[in-house]
Structure formats: structure tokens, C-alpha cells
Amino acid sequence: MTPDIDFAKIRAERGDQREGFEEFSAQIFHHYNVAKGSRYERYRGAGGDGGVEAIWRLPTGKVIGLQSKYFLPLKAAHLSQLEKSLDTALDNHPDLETYIVTLPFDPTPTVKARTGKGQAEKLETWRKSLIARAGKRGVTIEVEWWYESELKSRLLSMDNSDGRILYWFGSPHLSMETLESAATVAEGVAGPRYSPRLRVGNDAGDTIKAFGLDPSWPAVHQGWVERLDNAVHVWSDMASKAHPGPSAQILAALTDAKLHFGAVEGLCFKEADRLALHSLASHTLPIAQSLEAAVKGVFDSTHGAQNDNVGWRQFQASYQCAFPAADLDRTREASALLRDILEFAESDAAIAAGGDILLMRGGRWHWQDAHHDQCHQGTDLYWAWNIDHTRTGNNTRPEPLERGGKQARHRSVGEQVRDPGRVGRVRRGHKCAVPDLRRCD
């Protein structure tokens, strides 16, 4: 659905709606009907724009100038701004013959029931005063107001007007209401073919849940904290006298991991938690494996390698009330647990949970966080999500951002997205200086 054209909600450029309105006006002015052979020139506002945002230099040598004024609402003090801009424009372009001023509203008329002039009458007075002001300098010009309705008319007459409207006035986020409406439409189209009981889960869905820190993210319910709590108790109660150093390192790693998995179950998991889990697991796993090998050697020499089985353990526990394989078993369990932690930390779901931006291509997921401005490799881009990284608890949910299209160009039907700060690089190892349309080749 095409959004309403509301200049109070126009897209900001460089964080400023005034600059957004200036660029919008310049694009409208660029399609102004002028004589063949005319040359269009666009000026930057930084350091002063010379009284005009853009000009058409006609074959005759005359100049048509554009000035945008984001006056919302119109105030009496704005006349002095217009006079200053006109003076500057005449100083820099003495051949100016037409001065077009864009305004983001339609003026109110003069109404007898109200005191004072309406905006239309006031602006007509201002227009005549600006013409007279130029006349005092010996310059004959025409001043035109392009009001909201004029700007809308010119916008709608341009090619790909729906895409331009979506770019300038569309919301960068799809609301939950929009998503629910789309889901309702899709369910209606599917008809009897759809049933929630036939839903098949997949890794991509789990990754999206992780990215949104949704309570239904599977990792939240996998009992990580309980598993680690049991392991910590085991290693605390059965400290190895033969290998105190490695045992202490394993206990410290498991204790630390318990805290970070608490963030998973508390739905406040961040990239720092994932990196900590990856670091402790990758550093401690070799220690645990070395300890496991050492304990296994002692067990084999004492009890025989052939007795490393369940039946022998059950016999020792039931008839001898002994647990000679306890040290071996706990080192194996520690190694297995650390491998699982490392696998979790390297998983797409954990990476997405700590990331700021999630890209999905061809049904596969891609991520980007504040620390790594790159994404995993993939195929065609389909969706991009953005979420506030200050989220805590389960009071925030992901909102899809900027529906995308093919070949890493963020576009939907009639839409062009321009915001280099949003996504960045979209393929591993393929660096690009993300242009306005963010295309990487």
C-alpha cells in the first residue's frame, strides 16, 4: 500500500528533514520542463548554497533558480529568510529570471470569520514584495510558490511515482499490525490448505526467534543453566587432587558459562556474551580433552581398557559400592559440554541473537553486528531486519526492516532504499563502499 504524502514525515537526509525536503525539491525541480539545451546544476547546502538549491541554466543565459523552505508552520519571521535567500541568489546569479520556492503546505485562505490575513493572501503579498525587492536592483524576476499540492502533482506525474513516494514518505519499519494483516491475507489465500498444526519448524525460523530474543527461541528452553549448574556442583564437590590446575580452569569456565547462558534464558543475550562463550569454550576444551586423555590412561592402566563400559560401571556401583570411573566420566562430560557450548557460540542463532542486523537470502540467514561489518555468504537477498540493540528482557520484538529484492539491492516493487548506515557489506570477503542503493558487485 502506497503511504500518504505527508511532508511532516518526509524522509530525513543526514538526520535532518529540512535537508530531506531540499533534496526532494531538487529532484522535482530536475524534471522541470525547460528549453532544449538547458543545463541543470545542483548545489550543496554546506557552507551556504548561494541562495539556491539548484538551477536550470537556459540556452539564453538566463537562470531559473530553486529555493526550498521547510516552513512548518509558516511564521512572520520567515519573510526575512526569503529576502536574504533572494539577495544571495541575485548576488551569485545576476541573470536569474524565475525564482521558485517550494513550501511543504497548502496555504489557508482569508476567512471573514477569522481576524487577520490568511496564509494565501500573506504569501501573495510576500511574493510581490520579493519581486519589488529585485526590481530595486534593476532585475526583473518572477517568483513562484510551489505549494504542497503542486509538489504532489509533479511527483505523481513522474515515472515510478509509487517507488518515489515509498522512498520519501514510507516508514522504514513494518509495524506488527502490518505483518499481522499480511499474515491474515496469506492465510485467506491459502484457504483450507493452511493449518497451524501442519507448521514445520526450520533453522531459519529459529534464527529469527533468536535475533528477536523471542521467548520461543529453542535455546531458552534447552536447560543450559541447569546443565551447567549440575556440572559446576560436580566439579566443585569432586576436585581432582591429581590435576588441580586443569580442574580449576574447567570449573572456572563452566561457572562463567553459566552466567552467560543465564542471559540466554533471561532474553538479554548480547554479542559480548556470545564472544565470551566462544572464548572460554575454545580455550578450555583442549584442556579438558588433555585431562580426559590423562585420566583415561590412568584408568586403562589400573582397571584395563576393556572395562571402560556401562556394564562394568554398573557392577562396581551395585556390588562394590565403588565408582572407579567417576573421574573419567566427569572429564568426558566436561569435554562434551564444552564442545556443545562452542557449537552454540558458533551457531547462526547465537550470532543472530547478538547481532544488530539480520539479512536473509534465498531462505538462508545472514547476520551483521556492531563489531563485524560483514555477513555470511548467501544467495539472493529477501529480507533485512533491524532491532534496537538496547533491548532488555522480553519486552521488545523484532520488526522487519526494508524489504529487499535481488542481487543484494534492497528494493521491493517500486522502492529504492538509501541508508548506508543500515546494512553495510553483504558478502563475506566482498568489500564495497556501500553506495546510496547499497549494491555490491
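Each remark here, short or long, concerns the structure printed above.
Since this is a predicted model, take the numbers as computed values, not measurements.

Turning our attention to the overall build of the chain. Check the secondary structure of the chain and you find 13 helices and nine strands. By the burial criterion, 42% of the 441 residues in the chain qualify as buried. Long-range pairs, those at least 24 residues apart, make up 62% of the contacts in the chain between residues at least 6 apart in sequence. Accessible surface, the chain as shown: approximately 23500 Å² in total, 52% of it carbon and sulfur.

Enumeration according to the criterion identifies 25 salt bridges in this entry. Residues Arg274 and Glu271 are paired through a salt bridge, measuring 2.8 Å at the closest nitrogen-oxygen approach. Of this pair, Arg274 and Glu271 are both found in helix α10 (residues 271-303), three residues apart, which corresponds to roughly one turn of the helix. Take Arg274: its relative accessible area is 8%, and that puts it in the buried class. Residue Glu271 is classed as buried on the basis of its relative accessible area, which comes to 1%. For Arg313, the salt bridge is made with Asp308, and the minimal N-O distance between the two is 2.8 Å.

So, about the pairing of strand β4 (residues 96-102). With six of seven residues buried, β4 lies mostly within the body of the structure. Of the strand pairs in this sheet, strand β3 (residues 63-68) and β4 are connected by six bridges, and their pairing is parallel. Bridge pairing in β4 places Gln67 opposite Val101. In the classification by handedness, the crossover that spans β3, the intervening helix α2 (residues 78-92) and the parallel β4 is right-handed. In terms of strand pairing, β4 meets strand β5 (residues 142-146) through five bridges, oriented parallel. Among the inter-strand pairings, Ile100 is bridged to a residue of β5, identified as Glu144.

Reading the values: the criteria
Residues numbered from 1 in each chain as written. Predicted model: local features only at pLDDT ≥ 70, side-chain atom pairs only at ≥ 80, totals over all residues. Heavy atoms only, no water. Helix = DSSP H or I, 4+ residues; strand = E, 2+ residues; numbered from the N terminus. Buried < 20%, exposed > 50% of the residue type's maximum accessible area, 1.4 Å probe, protein only. Contact = heavy atoms within 4.5 Å. Areas by Shrake-Rupley, 256 points an atom, 1.4 Å probe, with all protein chains shown as cover. Salt bridge = Lys/Arg side-chain N within 4 Å of Asp/Glu carboxyl O. Pairing = 2+ DSSP bridges. Right-handed = clockwise from strand over helix to strand, strands pointing away.

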